[in-house]
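# Descriptive analysis of the structure
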4 protein chains.
Amino acid sequence: MGATLSPENRETLNRLAIEVPSWAYGNSGTRFKVYSTAGTPRDPFEKIADAAEVHRLTGLAPSVALHIPWDKVEDFAELRTHAENLGVRLGTINSNTFQDDDYKFGALTHEDPKIRRKAIDHHLECIDVMDATGSQDLKIWLAEGSNYPGQADMRGRQDRLADSLAEIYARLTGEQRLVLEYKFFEPAFYHTDVPDWGTSYAQVAALGERAMVCLDTGHHAPGTNIEFIVMQLLRLGKLGSFDFNSRFYADDDLIVGSADPYQLFRIMAEVIRGGGLEESSTISFMLDQCHNVENKIQGQIRSVLNVQEMTARALLIDRVALTEAQISGDVLAANEIFMNAFYTDIRSELEAWRAERGLPADPMQAFRASDYQNRIEAERVGGVQAGWGA
Amino acid sequence: MGATLSPENRETLNRLAIEVPSWAYGNSGTRFKVYSTAGTPRDPFEKIADAAEVHRLTGLAPSVALHIPWDKVEDFAELRTHAENLGVRLGTINSNTFQDDDYKFGALTHEDPKIRRKAIDHHLECIDVMDATGSQDLKIWLAEGSNYPGQADMRGRQDRLADSLAEIYARLTGEQRLVLEYKFFEPAFYHTDVPDWGTSYAQVAALGERAMVCLDTGHHAPGTNIEFIVMQLLRLGKLGSFDFNSRFYADDDLIVGSADPYQLFRIMAEVIRGGGLEESSTISFMLDQCHNVENKIQGQIRSVLNVQEMTARALLIDRVALTEAQISGDVLAANEIFMNAFYTDIRSELEAWRAERGLPADPMQAFRASDYQNRIEAERVGGVQAGWGA
Amino acid sequence: MGATLSPENRETLNRLAIEVPSWAYGNSGTRFKVYSTAGTPRDPFEKIADAAEVHRLTGLAPSVALHIPWDKVEDFAELRTHAENLGVRLGTINSNTFQDDDYKFGALTHEDPKIRRKAIDHHLECIDVMDATGSQDLKIWLAEGSNYPGQADMRGRQDRLADSLAEIYARLTGEQRLVLEYKFFEPAFYHTDVPDWGTSYAQVAALGERAMVCLDTGHHAPGTNIEFIVMQLLRLGKLGSFDFNSRFYADDDLIVGSADPYQLFRIMAEVIRGGGLEESSTISFMLDQCHNVENKIQGQIRSVLNVQEMTARALLIDRVALTEAQISGDVLAANEIFMNAFYTDIRSELEAWRAERGLPADPMQAFRASDYQNRIEAERVGGVQAGWGA
Amino acid sequence: MGATLSPENRETLNRLAIEVPSWAYGNSGTRFKVYSTAGTPRDPFEKIADAAEVHRLTGLAPSVALHIPWDKVEDFAELRTHAENLGVRLGTINSNTFQDDDYKFGALTHEDPKIRRKAIDHHLECIDVMDATGSQDLKIWLAEGSNYPGQADMRGRQDRLADSLAEIYARLTGEQRLVLEYKFFEPAFYHTDVPDWGTSYAQVAALGERAMVCLDTGHHAPGTNIEFIVMQLLRLGKLGSFDFNSRFYADDDLIVGSADPYQLFRIMAEVIRGGGLEESSTISFMLDQCHNVENKIQGQIRSVLNVQEMTARALLIDRVALTEAQISGDVLAANEIFMNAFYTDIRSELEAWRAERGLPADPMQAFRASDYQNRIEAERVGGVQAGWGA
């Protein structure tokens, strides 16, 4: 018999919901090669079907993020109904200003007002989509920057970014939010226009209350203490959302928890410490991953299970004893309390959690045993498989 | 005949003044060994004498930063007069909360209010010194943090830091400023309480107008685009001061410009772009270095010359042509204009600059040819050489 | 008047020849977007025409590396003649085992002997091409590895790699060589089968005398001292070739010398120190770059000029004085001698070097002033632009 | 009830023995501060007493590494008897060529033959100590290098290193070995003379069979896949020993397993895969750590427990199933088998392991409950506490 959670911690765990990205079900790869796989969705409807399967087996993934224009459809109301029929809802809308030839040297930061206009309009269109889908968040990842020193006027770009964001922010209505993602490097190599949480924070702080920071766990320099940033953004009231994934070196977009599960544990411990799983919290927990060589649906199942497992272990931390050890300066006692939670096997408790909800004890195994993969491989023949281009 | 600067650029260059740190003249080293050297100062008076020699030969280093308690003297007015008699003035006051046994687990962030009180009082005492020395800036480098996950409550520490800083800030008078330095790691290894510019910015923004960020060029993660941060802090009006040095891997504290002179050029280019050398600028340019294996006075001379040289080269950038190339998206033309300035040998112009001021053409050579080193080696016998402990 | 080179150093500089990669003239990009540009070659013949233009204007790029199958043609003798007619020759043959679906989990290291066989055969075919083109080197970049811990048996793969390489090596004839490139990460993220120079060295040392290491300047961990590896491989007699490029963070494949020109200077200084530009040297100097956002032909011109310029500056090092300073332990004198060479403007000397050879004083300007780009944009209409897929 | 080990895996686990370093019981710190603590040993006898306490409570640490001259005593036979009486033996002898003023610019690599002679003689003296203590290994960590480009002739130093090592190696007798440690950086910042495993390997391969590589887990560039190097050195028959510790950024020397326990698990999995825990293995497993802010004896207890725990979890890997998944290219199945072992709580099994041997179930708790710490704090009054200087 393994460890168990207190009733209070169970409630906290029950609040954990992880949004999955539509693009994780399409093909992805590196600049060297994108492998295609049988059964890959050809359109947003099929992506949502796959996402719904993840939720059906895990009970953890009730919503799906969309990427515009990759997931553009004639009728978003129809897509919304499709999702709801499958038991999930449409979530964050992600804009895309990195694939049009016009954006080679920038979009929201471009020197040319016509191109900025186009990029702003794209975001306004995304908000139209949000109105139709009922999405709460417009997520902006700024893929802009430069490759060579001197190529760009970084200062002017920052000012233009502020202007562009202000116009987009002004269009939001009701509960809608703007979340601004930062990224250390790639696809630009010398500078990116929003490289760190400080820049994202300074930009969204200038916009207003409903502008927040998105923290992608793969978008930091080597050695960065990510849970510190989680703590700081929670403290500043500006942590809007997570993009979860793992990395060994760059923005590898691997399965969250696969490279350093202890880091994920520490991140979730800091989320809990900062109230990020309390009822009042508005943080959106999302995956942003690429399954280049592994089965995509299974990859997503594994990912949401990993987040749940590390959250459950983080909930095991004996906070009273930990605080006492911290106050007394007993380094090893504090560290032991912390690691004991991480080392404790909580998997049987999570099986019970699933059993209570009529979910399979082992979702990975259940998927493998099901006919789903065979079925989509047989059905999804012809057409163009979804990838980052479509 | 080498390149020459325009009259306007000469005026800008004339404004460059680099503060030298008193502790650079004392012994320093690694955790493995501190080498002592003949002629090392034994007290603040001798440190200032060495610093004055750097200024006498270069015309670039008119002020000296002090470190309390390392540079504590009975009578700061006397020290001030001593400095002024040697042609320099006393500059930034650096506090020290990392060498008292009480601070093992924190100072301004400590769980124990008595220790926080002690640390705050130390800073108030530093401001008393500023009153006596006429210093503008109180520089706070927070050496606090933790070595093990769980050891510390990062969130609580951040809040306590804010409280402590507020009390210190309230004590400042007139033109006095508080500058808060950030550092990625060391001496704490798991987390530092002010690890990045974002944290420093968030903390000083909460204090008020006369609280600023100090950017130490060696305190970033590998691969960080430092000139971007320079740009951003200038844009936000919060770049208080620089701590210049070089690093290959960690916080090596090597001679500025010795590891990557092109990076120093880019930093100075961004300083100029952002108005950091205009008459209205209040940025303080300082060195913070350790001369572990090289002659210390020569190391300081080389450092201020490197900063001047890279500033002069950065002033050579043809801004009109660069802007045109940037706007037109001509990546290679822009990069070429930028690198041409870096590649241009400006040393004869700087020799002329020195000749005009009655300074030696080659300050390094002039120092070697002088009797200064021999003299201090002969005179400074007995006593305890200054180091980080005294 | 700038600095000049001694007659001996001029001879050394004359020996510098830089091979350009055919693929640099095709389209490239990131996983997010490949921008296409007017005038891009559609086949190996057009790539070679562009490469020849680089050599015509710079006198520095007499050979072109090919990539199989990207540059596969019916008749390599015809391609060879085409090249020779344009004043260049065919150089290194690069194999490709990262774009076939069979190689998803490895090629020379694959668990399945049939796939290993296919990968070995591909290399034997490359040697057939070498026989036809007269190429000296077969360059193997191993894009193999794994994304997740546990995914692969690293030890077994290493053994299979040794077997595969032995079979390929045995097929070489005459002066032909095998050069094995190492790469820290990408496209695999958890482990790559040849991640560091040590692995490449151990593998080629087991093969024999004509197996060497290829050092790509962008394939190292952050903070790596690359010139140390250059020194070590020269000392061990195993430095076969360079792949030059620049990087700020990952394998950015930017223009060599654009990110850290001082590093390029140090690398060339170590090449000279180790005899790498002596007449007996067999080192092959190559570019391996991607011009994602800049003009490709100009990007190549700038690159070979950068290598020549840093080599010329490295030749200015006063070796006698440097050795003396090193022996005497005068750190700052040694560093000053070293940096003086780097800081010295050698560009007028290089203009003279070009004038002597009937080359344009400013090859970048000459290309811009020429009709070449307009002509290829007009002529190369229709067909499929070359990229990494073709 | 937790997981259990098979009888075969228990035998493997039984073979795990971890050597502790004498210097871990002395004071250590950063360049900023060394905190002293009550009860710190004043001489090698007291250090060994503390080490013996670790072994007494854990059954895992039967030997103690010495550092010369820090642990120099008049009579090593007496020290040996002292150790044996306490139930431990003397292990690896570590030389020290980084604290004498003569070694400022090198020791085994120095330009000056007299200083090289002195450094070689120091190592010969260390072998004399080995003769007296019965130690198997002479461990050489080369703290040599340079801080500034140009300061040193890296190539000449490498050759001199080879000569120096050859002379030392020739003095070894019987089963004695030389193990050469590599380190990425520190205390030298620009270059270290043995920065990577490739250099260490090339140097020891030139010496002979009884020269091996020492892998310190904290001595790599960020992002390095350490278990790959473990695999490679085992494959090449040159993995002599481990120096275990943890790091977040630099060579932090934290408790092994505290920063990334999953990495330690992967390292031990590769050790097992490569036969490093088989009866024939000669690998020496050692700690090399600094307990700057935590209790030192408890820090050592925690460390050996961490190594045992991650070894036990690594032994849980279902190798048959894993190999099957690897061969079939089932990425997620392979990863799941691998991570399942890591996620499985083996602590009750290890408690049983201790119970069988009459060891306390919880060694940390047992130490805290014992009088040992109080006793040494009371007894060890006066004298000079051991640190890196003595």
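Residues numbered from 1 in each chain as written. Chains lettered and ligands numbered in written order. Predicted model: local features only at pLDDT ≥ 70, side-chain atom pairs only at ≥ 80, totals over all residues. Heavy atoms only, no water.

### Here's the deal with the sheet that holds strand S4 (residues 137-141) of chain A
Residue and element names in this part refer to chain A. The sheet built from 8 strands closes into a barrel, its strands ordered S1-S2-S3-S4-S6-S8-S9-S10 with parallel pairing. Shown here is a sheet whose adjacent strand axes are inclined to one another by a mean of 30°, direction ignored. In this structure, strand S1 (residues 18-21) lies alongside strand S2 (residues 63-67), joined through 2 bridges in parallel fashion. Residue pairing across strands places Pro21 opposite Ala65, the latter belonging to S2. The sheet strands contacting helix H5 (residues 154-171) are S4, strand S6 (177-181) and strand S8 (211-216), and the helix crosses S6 at an angle near 150°. Here helix H7 (residues 226-235) sits on the sheet and contacts S8 and strand S9 (239-244); the angle it forms with S8, its principal contact strand, is near 165°. (Pairing = 2+ DSSP bridges. Helix = DSSP H or I, 4+ residues; strand = E, 2+ residues; numbered from the N terminus. Axes fitted to C-alpha atoms, helices over the stretch in contact; angles between N-to-C directions. Contact = heavy atoms within 4.5 Å.)

### Here's the deal with the pairing of strand S9 (residues 239-244) of chain B
All names here are of chain B. With 6 of 6 residues buried, S9 is to be regarded as a mostly interior element. Pairing of strand S8 (residues 211-216) with S9, which is carried by 4 bridges, proceeds in the parallel orientation. Paired with Asp216 across the strands is Asp243, a residue of S9. Note on the crossover from S8 through helix H7 (residues 226-235) to S9: the handedness is right-handed. After leaving S9, the chain enters helix H8 (residues 261-273) and then returns to the sheet as strand S10 (residues 284-287), a path that is right-handed. (Buried < 20%, exposed > 50% of the residue type's maximum accessible area, 1.4 Å probe, protein only. Right-handed = clockwise from strand over helix to strand, strands pointing away.)

### Brief notes about the interface of chain A and chain B
Chain A puts 53 residues into the contact, and the matching count from chain B is 53 residues. In total, about 4,200 Å² of surface goes out of reach between chain A and chain B, with carbon and sulfur atoms giving 61% of it. When residues of chain A are sorted by the area they lose upon contact with chain B, Arg155(A), Phe228(A) and Arg235(A) head the list and together hold 16% of the total. Counting across the interface, chain A meets chain B through 4 salt bridges. With a closest N to O distance of 2.8 Å, Arg273(B) and Asp153(A) form a salt bridge. Linking chain A with chain B are 20 residue pairs in polar contact (both at pLDDT 80 or more), by the criterion used here. Secondary-structure elements contributing two or more residues to the side of chain A that touches chain B are H5, strand S7 (191-192), helix H6 (197-207), H7, helix H8 (261-273), helix H10 (319-328) and helix H11 (331-343) of chain A. Tallying contributions element by element places H7(A) first for the side of chain A that touches chain B, with 7 residues. Its residues assigned to classes, the side of chain A that touches chain B shows 25 nonpolar, 17 polar and 11 charged. (Buried area = accessible area lost by both parts, 1.4 Å probe. Salt bridge = Lys/Arg side-chain N within 4 Å of Asp/Glu carboxyl O. Polar contact = N/O pair within 3.5 Å; in protein donor to acceptor, adjacent residues only side chain to side chain. Nonpolar A, V, L, I, M, F, W, Y, C, P; charged D, E, K, R; others polar.)

### Quick word on the relation of the copies chain B and chain C
Screw-axis analysis of chain B against chain C gives a translation of 0.0 Å along the axis, an RMSD of 0.0 Å, and a rotation angle of 180°. The relationship between the two copies is best expressed as a two-fold rotation axis. An overlap of 100% is found between the interface residues of chain B and their copies at the interface of chain C, pointing to a shared contact surface. (Least-squares fit on C-alpha atoms with pLDDT ≥ 70 in both.)

### Points about the relation of the copies chain A and chain B
With an axial shift of 0.0 Å and an RMSD of 0.0 Å, the rotation relating chain A to chain B amounts to 180°. Counting the interface residues of chain A, we find that 100% of their copies in chain B are interface residues as well, pointing to one common contact surface.

### Considering the confidence of the model for chain A
When pLDDT is averaged along chain A, the result is 97, and 99% of the positions lie at 70 or above. For this predicted complex, the interface confidence reaches an ipTM of 0.97, while the overall pTM sits at 0.98. (pLDDT = per-residue confidence, 0-100.)

### Quick look at the environment of Pro261(C)
Position of Pro261(C) relative to the elements: it lies in helix H8 (residues 261-273). Each C-alpha atom of the pair Pro261(C) and Trp70(C) lies 31 Å from the other, and the pair is 191 residues apart in sequence. Apart from the residues within four sequence positions on either side, Pro261(C) is in contact with Tyr262(B), Met339(B), Phe342(B), Tyr343(B), Met310(C) and Phe342(C).

### What about the side chain of Asn306(A)?
Tracing the backbone shows Asn306(A) in helix H9 (residues 296-315). Here Asn306(A) falls in the buried class, since its relative accessible area comes to 0%. Apart from residues no more than four positions distant in its own chain, Asn306(A) is found in contact with Ile255(A), Val256(A), Gly257(A), Ser258(A), Leu264(A) and Tyr343(D).

### A few points about the packing of H7(A) against helix H5 (residues 154-171) of chain B
Between H7(A) and H5(B), the shortest axis-to-axis distance is 10 Å and the interhelical angle comes to 55°. As the angle between them shows, H7(A) and H5(B) are arranged oblique. Every pair of crossing elements has a handedness; the one defined by H7(A) and H5(B) is right-handed. Mapping the contact onto sequence places Glu227(A), Phe228(A), Met231(A), Gln232(A), Leu234(A) and Arg235(A) in H7(A) and Met154(B), Arg155(B), Gln158(B), Asp159(B) and Ala162(B) in H5(B). (Parallel < 35°, antiparallel > 145°, perpendicular 65-115°, else oblique. Left-handed = near helix turned anticlockwise from the far one by under 90°.)

### Considering the pattern of salt bridges
Residue and element names in this part refer to chain A. Here the structure, examined in full by the defined rule, presents 147 salt bridges over all chains. The salt bridge partner of Asp121 is Arg117, with a shortest N-O separation of 2.9 Å. Highlighted residues: Asp121 and Arg117, both in helix H4 (residues 113-133), separated by 4 residues, approximately one helical turn. Among the residues examined, Asp121 registers a relative accessible area of 36% and is labelled partly exposed.

### Focus: the interface of chain B and chain C
Frequently, the measure chosen for interface size is the accessible area that the parts lose on association. Facing the 36 residues of chain B at the interface are 36 residues of chain C. Approximately 2,700 Å² of surface area, both sides summed, lies buried where chain B meets chain C, with 53% of it carried by carbon and sulfur atoms. On the chain B side of the interface with chain C, the three residues burying the most area are Leu332(B), Glu336(B) and Tyr343(B), jointly 25% of the side's total. A salt bridge links Arg368(B) to Glu336(C); the nearest nitrogen and oxygen atoms lie 3.5 Å apart. Counting every contact that joins chain B to chain C gives 10 residue pairs in polar contact (both at pLDDT 80 or more). Secondary-structure elements contributing two or more residues to the side of chain B that touches chain C are H8, helix H9 (296-315), helix H11 (331-343) and helix H13 (363-369) of chain B. Considering each element in turn, the side of chain B that touches chain C owes the most residues, 8 residues, to H11(B). Within the side of chain B that touches chain C, the residues separate by chemical class into 16 nonpolar, 9 polar and 11 charged.

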